[in-house]
Amino acid sequence: MKKYLLIFVLFVLLGCQKPIEQPTFTMDTYPRIDGSTVTIPLSEAICAKLTNQTIEQVRPYILHTKTHSAYINLIDKKTDLIFVTYPSADELKYAQDSGVVLEIVPIVSEAFVFLTHKNNPVESLTLKQIQDIYTGAITNWKDVGGPDLPIIAYQRPVNSGSQTGFLDLVMKGLTPMTPPTEWVVAEMGMLIEAVATYENQPDALGYSYYYFVVDMWGNENVRLMKVNDVYPDSSTITSKQYPIVTNYYAVFRKDEAADSPVRKVVNWILTDAGQKLAEDSGYVKVR
């Protein structure tokens, strides 16, 4: 009986909470923003909405310096709010060494995806097979049902957003093999192009984030891989049926005041209106 009374009280309290209103800013009062390449369209849409301008008008002011630089800028207090993937171990250590506590808030859902050439007959890999490929235990596509070709397994540089996601979400403590220098691609877009064109053979494998591949950098010669026989799309990402899901995060310094512009922006993003804006911009709403 006490359990149900507690639930009733919580419903009453939640129902009495004042709805979060959309904040309004000028470009002078809007927080300083930084972030990952992949969150630029989201950042532009939010800024345009909350400053009552067009995306074209705010675009020159949305200058994301990429994931690692954004974290460093936030910790060094050169920016106020960043839209990024989860911090790497190095970034968390830098925050700790700098005496900065980060507040990390998921704002949209995302999936970590693997891609290959469209002519590669292998459509699905298990998570274990992916781990074996990147530790060097599997080196040929024939070992996963494909042609007798060596697997060109591309990686990204350490502390890039996708490399951090790869290590945390996929390798889970396993150490990836050290690839040849030419298999480490500095830019996400260039990795997609490399997978699409590597010596005109369907033998390359790479990784990125769903939104970047599908909405920001299309290439008709590349296709996404199923993982554990589940294809990544907005439905399987939202339901978490696809096995490698994550988020993009709003990250800021924890000492931000309760009524600061930063917290007002983040709180609004999590409202129905904010989540609809994210969906309209091509992202997957956070559950």
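Look up a bit, the structure's there.
As a starting point, this report considers the structure included with it. Residue numbers restart at each chain and count upward from 1, following the sequence in its written direction. With pLDDT at 70 or above as the cut-off, local features in this predicted model cover only qualifying residues; side-chain atom pairs require 80 or more to be listed or tallied, and sums for whole chains, interfaces and linings still use all residues. Each side-chain value is worked out from all heavy atoms of the structure, with water and hydrogens disregarded.

### Let's talk about the overall build of the protein
- Runs of E in the DSSP output that reach at least two residues are strands. Runs of H or I that reach at least four are helices, and both are numbered from the N terminus. Counting its regular elements, the protein contains 12 helices and 10 strands.
- What you see for the protein is a C-alpha radius of gyration of 21 Å, in line with the 19 Å of a compact globule of 287 residues.
- When its C-alpha atoms are laid out on the principal axes, the protein stretches across 65 × 55 × 40 Å.
- Partly exposed describes any residue whose relative accessible area lies between the buried limit of under 20% and the exposed limit of over 50%, with all areas from a 1.4 Å probe on protein chains only and scaled to the type maximum. Classification of the 287 residues of the protein by burial places 51% in the buried group.
- Whether two residues are in contact is decided by their heavy atoms: any pair within 4.5 Å suffices. Considering only intrachain contacts with a sequence separation of at least 6, the fraction spanning at least 24 residues in the protein is 74%.
- Total accessible area on the protein is roughly 14,300 Å²; 54% of this is exposed by carbon and sulfur atoms. Here the globule rule is a power law, 2.2 Å times the number of residues to the power 0.38, and the radius of gyration is based on C-alpha atoms. All accessible areas in this document rest on Shrake-Rupley with a 1.4 Å probe, and a residue is counted as covered only by the protein chains that are shown.

### Notes on the pattern of salt bridges
- Whenever Lys or Arg places a side-chain nitrogen within 4 Å of a carboxyl oxygen from Asp or Glu, that contact is recorded as a salt bridge. Going through the model one piece at a time under the given rule, you end up with 8 salt bridges.
- Across the pair Arg-59 and Glu-44 runs a salt bridge, and its minimum N-O distance is 3.0 Å. In this pair, Arg-59 sits in the loop between helix 3 (55–58) and helix 4 (67–75) while Glu-44 sits in helix 2 (residues 40–51), placing the two residues 15 residues apart along the sequence.
- The closest approach of N and O atoms between Lys-128 and Asp-132, which form a salt bridge, is 2.9 Å. Here Asp-132 and Lys-128 lie together in helix 6 (residues 127–135), a separation of 4 residues that amounts to about one turn.
- Taking the relative accessible area as the measure of exposure, Asp-132 reaches 17% and is therefore buried.

### As for the pairing of strand 9 (residues 245–253)
- For strand 9, the buried fraction is high: 8 of the 9 residues fall into the buried class.
- Bridging between strand 2 (residues 81–84) and strand 9 involves 3 bridges; their strand directions are antiparallel. When the bridges of strand 9 are listed, Ile-82 appears paired with Val-251.
- At least two bridges found by DSSP between two strands are what make those strands a pair. When strand 3 (residues 102–117) meets strand 9, the two strands line up antiparallel, connected through 9 bridges. Residue pairing in the sheet places Val-108 in a bridge with Tyr-248 of strand 9.

### Observations concerning the packing of aromatic side chains
- Any two rings among Phe, Tyr and Trp, with Trp reduced to its six-membered ring, count as a pair given centres within 6.5 Å; such a pair is stacked if its planes are under 30 degrees apart, edge-to-face if over 60, and tilted if neither. Summed over the entire model, instances satisfying the criterion amount to 13 aromatic pairs.
- On the basis of an interplanar angle of 55 degrees and a centroid distance of 5.8 Å, the ring pair of Tyr-209 and Tyr-248 is categorised as tilted. Of this pair, Tyr-209 sits in strand 6 (residues 204–209) while Tyr-248 sits in strand 9, placing them 39 residues apart in sequence.
- Judged by relative accessible area, which is 3%, Tyr-209 ranks as buried.

### Digging into helix 7 (residues 161–171)
- Buried residues dominate helix 7, accounting for 9 of its 11 residues.
- Turning to helix 7, its buried residues are Gly-161, Ser-162, Gln-163, Thr-164, Gly-165, Phe-166, Leu-169, Val-170 and Met-171.

### Notes on the side chain of Thr-79
- Inspection of the secondary structure puts Thr-79 in the loop between helix 4 and strand 2.
- Separated by 3.0 Å, the side chain of Thr-79 and the backbone oxygen of Arg-32 make a polar contact.
- For Thr-79, the contacting residues outside a window of four places in its chain are Arg-32, Ile-33, Asp-34, Ala-70, Asn-73, Leu-74 and Arg-253. Each polar contact in these results corresponds to two N or O atoms within 3.5 Å; when the atoms are within protein, one needs to be able to donate a hydrogen and the other to accept it, and residues that are neighboring in sequence are counted only if both atoms are side-chain atoms.

### Some details on the nonpolar core
- The biggest cluster of nonpolar side chains holds 75 residues, and the ones touching the most others in it are Phe-114, Tyr-134 and Val-170.
- The biggest single contributor to this core is strand 3, with 8 residues.
- Not counting residues up to four positions away in its chain, the partners in contact with Phe-114 are Ile-130, Tyr-134, Phe-166, Val-170, Leu-205, Gly-206, Tyr-207, Arg-223, Leu-224, Met-225, Tyr-242 and Ile-244.
- Among the nonpolar cores identified, the runner-up in size contains 11 residues, and Tyr-71, Ile-82, Val-84 and Ala-95 belong to it. By nonpolar core we mean a set of buried residues, namely Ala, Val, Leu, Ile, Met, Phe, Trp, Tyr and Cys, connected to one another through side-chain atoms within 4.5 Å.

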